[in-house]
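Each chain is listed here by its residues.
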Amino acid sequence: MIPFLRDNLRWLGAGLLLTFASAFGQTWFISLFAEFIKDRHGLTDGSWGSLYTVATLAAAALMFWKGSLADSVPLSRLAPLAALIFGAAAIGMA
């Protein structure tokens, strides 16, 4: 096991980082801020649910439309681009 970990430390580290970084788009993380977002924008529970549903379906459609990029674009280019897009989304939410 030790040789495997040593030989693959770079890949294992990247996987660990991506696992923890994905929390920002997970429902449990977004729900931590749901009350603040609803209060700030005057949303009811129903309108928040509708907005969240539309966003989830849009993300699913985007994955069907552009998901093949993960197979054709090198990870060294795709990962920084995804990080920039996520950063812009975070700034937009702020």
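It should be emphasised that the depicted structure is a prediction, and the values quoted were computed from it without experimental measurement.

Visitor: Would you mind showing me how to read the overall build of the protein here?
Guide: Scanning the protein from N- to C-terminus turns up 7 helices and 0 strands. Relative to a compact globule of 94 residues, whose C-alpha radius of gyration would be 12 Å, the protein shows 17 Å and is clearly more extended. Counting every position in the protein, which comprises 94 residues, the buried fraction comes to 5%. Put simply, the protein shows about 8,100 Å² of open surface, and 73% of that area lies on carbon and sulfur atoms. Separation between the mean location of the 6 positive side-chain charges and that of the 5 negative ones in the protein comes to 13 Å.

Visitor: Explanation requested: the layout of surface pockets in the structure shown.
Guide: Any space left empty among the atoms is revealed by the rolling of a water-sized probe across them. Space inside the largest pocket adds up to approximately 2,200 Å³. Contributing to the lining of the largest pocket are 44 residues, with Phe-24, Gly-25, Ile-85, Phe-86 and Ala-89 lying nearest its centre. Secondary structure elements with two or more residues in the lining of the largest pocket: α2 (9-21), α3 (27-31), α4 (34-41), α5 (45-66), α6 (69-72) and α7 (75-93). Here the lining of the largest pocket takes 13 residues from α7, the largest share from any one element. Residues that form the lining of the largest pocket fall into these classes: 33 nonpolar, 9 polar and 2 charged.

Visitor: How should the environment of Gly-25 be read in this particular structure?
Guide: With respect to the helices, strands and loops of the structure, Gly-25 is situated in the loop between α2 and α3. Residues Gly-25 and Phe-86, spaced 61 residues apart in sequence, show a C-alpha to C-alpha distance of 9.1 Å.

Visitor: How should I be thinking about the packing of aromatic side chains in this particular structure?
Guide: Two aromatic rings, taken as a pair, are described by how far apart their centres are and by the angle between their planes. This structure, assessed with the given rule, holds 3 aromatic pairs. Between Trp-28 and Phe-29, the aromatic rings sit 5.7 Å apart at their centres with planes inclined by 90°, giving edge-to-face as the arrangement. Exposure remark for Trp-28: the relative accessible area of 52% places this residue in the exposed category. Ring plane angle 35° and centroid distance 6.1 Å describe the contact between Trp-48 and Tyr-52, whose orientation is recorded as tilted. Here Trp-48 pairs with Tyr-52, and both are found in helix α5, just 4 residues apart, close to one helical turn. Take Trp-48: its relative accessible area is 16%, and that puts it in the buried class. For Tyr-52, a relative accessible area of 23% gives the class partly exposed. The structure contains a cluster of three or more aromatic residues connected by ring pairs, namely Trp-28, Phe-29 and Phe-33. The ring of Trp-65 has Lys-66 sitting right over it, with the charged end atom 4.6 Å from the ring centre.

Procedures and definitions
Residues numbered from 1 in each chain as written. Predicted model: local features only at pLDDT ≥ 70, side-chain atom pairs only at ≥ 80, totals over all residues. Heavy atoms only, no water. Helix = DSSP H or I, 4+ residues; strand = E, 2+ residues; numbered from the N terminus. Rg over C-alpha atoms; globule rule 2.2 N^0.38 Å. Buried < 20%, exposed > 50% of the residue type's maximum accessible area, 1.4 Å probe, protein only. Areas by Shrake-Rupley, 256 points an atom, 1.4 Å probe, with all protein chains shown as cover. Lys, Arg positive; Asp, Glu negative; His and termini not counted. Charge placed at Lys NZ, Arg CZ, Asp CG, Glu CD. 1 Å grid on protein atoms, 1.4 Å probe; cavity = no way out; pocket = protein on both sides within 12 Å on 5 of 7 lines; lining within 4 Å. Points joined across faces, edges and corners; volume = space filled by probe spheres on them. Nonpolar A, V, L, I, M, F, W, Y, C, P; charged D, E, K, R; others polar. Phe/Tyr/Trp six-rings, centres within 6.5 Å; stacked < 30°, edge-to-face > 60°. Lys NZ or Arg CZ within 6 Å of the ring centre and 35° of its normal.

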